[in-house]
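Understanding the architecture of this molecule
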Amino acid sequence: MIKFNQYLKEKYGGRIQKISIDAGFTCPNRDGTKASGGCTFCNNISFSPYAMTKETVENQINQAISFYKKRFKNIKGFLAYFQAYTNTYAPVEKLKEIYDKAMEYDEIIGMSIGTRPDVVPEEVLDLIATYTIKKPEIWIEYGLQTANIKTLRDINRAHGVADFVDAVLRTKKRPNIKVCAHMIVGLPGDTYEDYIETVKLFAALPIDGVKIHPLHIVKHTIMEKQYKNGEIKLLDLKEYAEIVADLIQYLPDDIIVHRLTGEAPDEELIAPDWCSPKRKQEVLKTIEEKIKEKELLRLV
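Residues numbered from 1 in each chain as written. Predicted model: local features only at pLDDT ≥ 70, side-chain atom pairs only at ≥ 80, totals over all residues. Heavy atoms only, no water.

The name given to the protein chain in an unreviewed UniProt entry is Radical SAM core domain-containing protein, with Hydrogenothermus marinus as the source organism. The UniProt entry for the protein chain carries this comment under Cofactor (unreviewed entry): "[4Fe-4S] cluster". (UniProt positions renumbered as here; feature names shortened; annotations may be inferred.)

Looking now at the packing of aromatic side chains. Enumeration according to the criterion identifies eight aromatic pairs in this entry. Seen from their ring centres, Phe-4 and Tyr-7 are 6.0 Å apart, and the 20 degrees between their planes marks the pair as stacked. Of this pair, Phe-4 and Tyr-7 both sit in helix 1 (residues 4-12), separated by three residues, roughly a single helical turn. Here Phe-4 and Tyr-7 have matching classes, each one buried. Residues Tyr-240 and Trp-274 carry aromatic rings whose centres are separated by 5.4 Å and whose planes lie at 35 degrees to one another, so their mutual orientation is tilted. Linking Tyr-240 in helix 9 (residues 237-248) with Trp-274 in the loop between strand 10 (269-271) and helix 10 (280-299), this pair joins segments that are 34 residues apart in sequence. A relative accessible area of 0% places Tyr-240 in the buried class. (Phe/Tyr/Trp six-rings, centres within 6.5 Å; stacked < 30°, edge-to-face > 60°. Helix = DSSP H or I, 4+ residues; strand = E, 2+ residues; numbered from the N terminus. Buried < 20%, exposed > 50% of the residue type's maximum accessible area, 1.4 Å probe, protein only.)

For strand 4 (residues 108-115), the buried fraction is high: eight of the eight residues fall into the buried class. Sheet analysis places strand 3 (residues 75-82) next to strand 4, joined by five bridges and oriented parallel. Bridging from a neighbouring strand, Phe-82 pairs with Ile-113 of strand 4. The β-α-β motif built from strand 3, the intervening helix 3 (residues 92-103) and the parallel element strand 4 has right-handed crossover chirality. Bridging between strand 4 and strand 5 (residues 137-145) involves six bridges; their strand directions are parallel. (Pairing = 2+ DSSP bridges. Right-handed = clockwise from strand over helix to strand, strands pointing away.)

Spelled out as structure tokens, the structure:
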């Protein structure tokens, strides 16, 4: 298993720090274009520290670079992470203006663009490909979340599995763009078989990296109401670690693992309590121990 931070450290000779950026985008399942209200699990503030910020892209980058240079010695560079909402959801001219602001920094080695698979027209992919000429680390992160179409409808994603497959294949026609796929383990309606089906889909496609997240309930979401009404049962840490360890076995050895867990600030988190940032290292240790156990069993 190749971890993302390990991959970056080996490639660039030291720490590469991600800078989370909110560039002021929204989503087509929020603004009424495809649906309203957004994904039922989503309160962007819970996973993006700059969500809803009024700071400019430049100020967010300047503040982050200054902060991380003071916090960590020998940083080799930064990766601009357009994280909040759908970061390809704008006219291509506007996207170029926003991306250019981040890419003009010498310390920034590239960018990671979080988006939906149904909002990447050819002209946007062509634009993103232009940045690979000078910057070596250009990623698009596609949120699929699950390969179960019924679950996708229930959580108000407003796109299908075919949209994801199409986006990945079209993106990889530009071979220097790297693709990271997201999935959530524990979505209501999904079963163990759905988790396996999702990761097998990832393995069958030309994907460079994956992010695996546990479902956690945050404030001010539809799922908060569903959870409090008893409509959602969450996985405990041992169950989640067991599932993740199984999923890893299906991934090709060269796929880079960006994340194996997810957390929300304590002031936003409803449940489970193990998705608190305070317990992140405990969660990762539990997952890694289970992965090693599975690998040993496979060798017997």
